[in-house]
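Close look at the chain arrangement
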Amino acid sequence: MVSYIDAAEAPLKNTGQVRLYGPEDFEGMRRAGRLTAACLDELTDLVKPGVTTQEINDFVYKFGMDNNALPATLNYRGYTKSTCTSVNHVVCHGIPNNKALREGDIVNIDVTYIVDGWHGDSSRMYPVGPLKRAAERLIDVTYESLMRGIEAARPGNTTGDIGAAIQTFVEAQRCSVVRDFCGHGVGLLFHDTPNILHYGRPGEGVELKPGMIFTIEPMVNLGRPHVKVLSDGWTAVTRDRSLSAQFEHSVGITAEGCEIFTLSPKGLHKPGLPND
Ligand code: MF3
Ligand code: CO
Ligand code: CO
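Owing to the predicted nature of the structure, the values given are computational and were not obtained by experimental measurement.

Let's shift gears to the overall build of the protein chain. Helices and strands together make up the secondary structure of the protein chain, namely four helices and 17 strands. Expected size for 276 residues packed as a compact globule is a radius of gyration near 19 Å; at 17 Å, the protein chain falls within 12% of this value. Counting only C-alpha atoms and orienting by the principal axes, one finds that the protein chain spans roughly 50 × 45 × 40 Å. Buried residues in the protein chain amount to 55% of all 276 residues. Pairs at least 24 apart in sequence give 69% of the contacts found in the protein chain among residues at least 6 apart. Accessible surface for the protein chain amounts to roughly 12,100 Å². Of this, 50% is attributable to carbon and sulfur atoms. Of the side chains in the protein chain, 27 bear a positive and 33 a negative charge, and the two mean positions are spaced by 7 Å.

Glancing now at the coordination of the cobalt ion (ligand 2). Distances from the cobalt ion (ligand 2) to its protein donors, Asp121 (OD), His184 (NE2), Glu217 (OE) and Glu248 (OE), fall at 2.0 to 2.2 Å. Classification of the site at the cobalt ion (ligand 2) as irregular follows from its six donor atoms and the range of 52 to 158° in their angles at the metal. Sequence spacing of the donors to the cobalt ion (ligand 2): D-x62-H-x32-E-x30-E. Between the cobalt ion (ligand 2) and the cobalt ion (ligand 3), both coordinated by Asp121, there is a metal-metal distance of 3.3 Å. Placement of Asp121 in strand E7 (residues 118-127) and of Glu248 in the loop between strand E15 (244-246) and strand E16 (249-253) is noted, with a sequence separation of 127 residues between them. We classify Glu248 as buried; its relative accessible area is 1%.

Let's shift gears to the UniProt feature "binding site: a divalent metal cation 1" (unreviewed entry) in the protein chain. Mapped onto the present numbering, the UniProt feature "binding site: a divalent metal cation 1" (unreviewed entry) falls at Asp110, Asp121 and Glu248. A compact arrangement is adopted by the annotated residues: their sequence extent is 139 residues, whereas the largest C-alpha distance between any two is 7.9 Å. Mapped onto the secondary structure, Asp110 falls in strand E6 (residues 106-115). When neighbours within four sequence positions are excluded, Asp110 is seen to be in contact with Thr83, Cys84, Asp121, Ser122, Ser123 and Glu248. Aside from chain neighbours lying at most four places away, what touches Asp121 is Asp110, Val111, Thr112, His184, Val186, Phe190, Thr215, Glu217, Glu248, His249, Ser250 and Thr262. Within the structure, Asp121 has its side chain in polar contact with the side chain of His184 (distance 3.0 Å).

Within this numbering scheme, the UniProt entry marks residues 27-254 as carrying the feature "domain: Peptidase M24" (unreviewed entry). Measuring from the first to the last C-alpha atom of residues 27-254 gives 13 Å, for a span that is 28% helix and 26% strand.

Bringing the sheet that holds strand E8 (residues 176-177) into the picture now. Strands sit in the order E8-E12-E15 across an open sheet of three strands; the sheet is antiparallel. The strands lining the two open edges of the sheet, one partner per strand, are E8 and E15. In this sheet, E15 lies alongside strand E12 (residues 219-221) in antiparallel orientation, the contact comprising three bridges. Along E15, the bridge assignment pairs Asn221 with Ser244. Here helix H3 (residues 133-151) sits on the sheet in contact with E12 and E15, set at roughly 145° to E12.

Looking at the cobalt ion (ligand 3), the protein donor atoms are Asp110 (OD), Asp110 (OD), Asp121 (OD) and Glu248 (OE), and they sit 2.0 to 2.4 Å from it. Viewed at the metal, the six donor atoms of the cobalt ion (ligand 3) are separated by angles of 58 to 166°, and the geometry they form is irregular. Ordering the donors of the cobalt ion (ligand 3) by residue number gives the pattern D-x10-D-x126-E.

Looking now at the nonpolar core. A general tendency of soluble globular proteins is for nonpolar side chains to be buried together. Within the largest apolar cluster, 32 residues are counted, with the highest numbers of intra-cluster contacts made by Ile106, Ile139, Ile162, Val170, Met212, Phe214 and Ile216. Within the residue set of this core, elements represented by two or more residues are H3, helix H4 (159-172), strand E11 (213-216) and E16. If one sorts the elements of this core by residue count, H3 sits on top with seven residues. Once residues within four sequence positions are removed from consideration, Ile106 is found in contact with Ser86, Val87, Asn88, Met125, Tyr126, Leu131, Ala135, Leu138, Ile139, Leu243 and Ser244. Counting 27 residues, the second largest nonpolar core, distinct from the first, contains Phe26, Ala32, Val186 and Ile213.

Conventions and cut-offs
- Residues numbered from 1 in each chain as written.
- Chains lettered and ligands numbered in written order.
- Predicted model: local features only at pLDDT ≥ 70, side-chain atom pairs only at ≥ 80, totals over all residues.
- Heavy atoms only, no water.
- Helix = DSSP H or I, 4+ residues; strand = E, 2+ residues; numbered from the N terminus.
- Rg over C-alpha atoms; globule rule 2.2 N^0.38 Å.
- Buried < 20%, exposed > 50% of the residue type's maximum accessible area, 1.4 Å probe, protein only.
- Contact = heavy atoms within 4.5 Å.
- Areas by Shrake-Rupley, 256 points an atom, 1.4 Å probe, with all protein chains shown as cover.
- Lys, Arg positive; Asp, Glu negative; His and termini not counted.
- Charge placed at Lys NZ, Arg CZ, Asp CG, Glu CD.
- Donors = N, O, S within 2.8 Å, 3.2 Å for Na, K, Ca; no water.
- Tetrahedral: all angles 85-135°; square planar, octahedral: opposite > 155°, others 65-115°.
- UniProt positions renumbered as here; feature names shortened; annotations may be inferred.
- Polar contact = N/O pair within 3.5 Å; in protein donor to acceptor, adjacent residues only side chain to side chain.
- Pairing = 2+ DSSP bridges.
- Axes fitted to C-alpha atoms, helices over the stretch in contact; angles between N-to-C directions.
- Core = buried A, V, L, I, M, F, W, Y, C linked by side-chain atoms within 4.5 Å.

This is the structure in structure tokens:
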């Protein structure tokens, strides 16, 4: 059974209890989330054929420095980059490198800035020039699945209701949900209790209460759900080499539903694609 703890009284480590944050904490998350979202907005025009993921990484580092924010991934568990850049069949945790992006690629850029101790964690898919229909459809399905998960994030529901909403939609579109990675509590810690699975059954898991702060970050494959991690210890790829996509928001549970901390200030929620 899970237990909950007033975030003001909890030690700064993951004790397995679910932190409940207060109004001032939500204000901190708004500032961190807004900066992360602003960076993801600014990346829209940078992502084009010929650009390397290292150049994307350099932008994320500098944008953080210019705004007194530290990228949370920098030196996190031995990871040495400021962002994750996951191209095509890379599911997540792609390491920026000096290879150029090519027309028709799709890339997830995942940014977490720490602002005054608060972690704003979000990612979006970016098209590299015009895409094939299947790639664009995968991006649309993945984005819609995140928004359906967010719709289910409200008091009285459980983490299983979020997972079920995502899985039901994704599988109805003949795509698959990755099981090996999940969303997570976020806030004063980068990765905290509870895990937010992107599959499951209604009513299962942890009951959602006002003050909870976590990410929802479904990874969706065009083919089968299975992944493997490459020998670099980070890069996760689809076993069948099918395309994979992901979107992520940091959200806080409110009395009525939830607040999204990482909404795009410029309305670029699907950068470079029609805004339906
Ligand atoms: N930002 C990722 C997430 O959504 C975590 C990346 S950890 C890293 O949880 F070390 F791979 F960068
Ligand atoms: Co995350
Ligand atoms: Co992230």
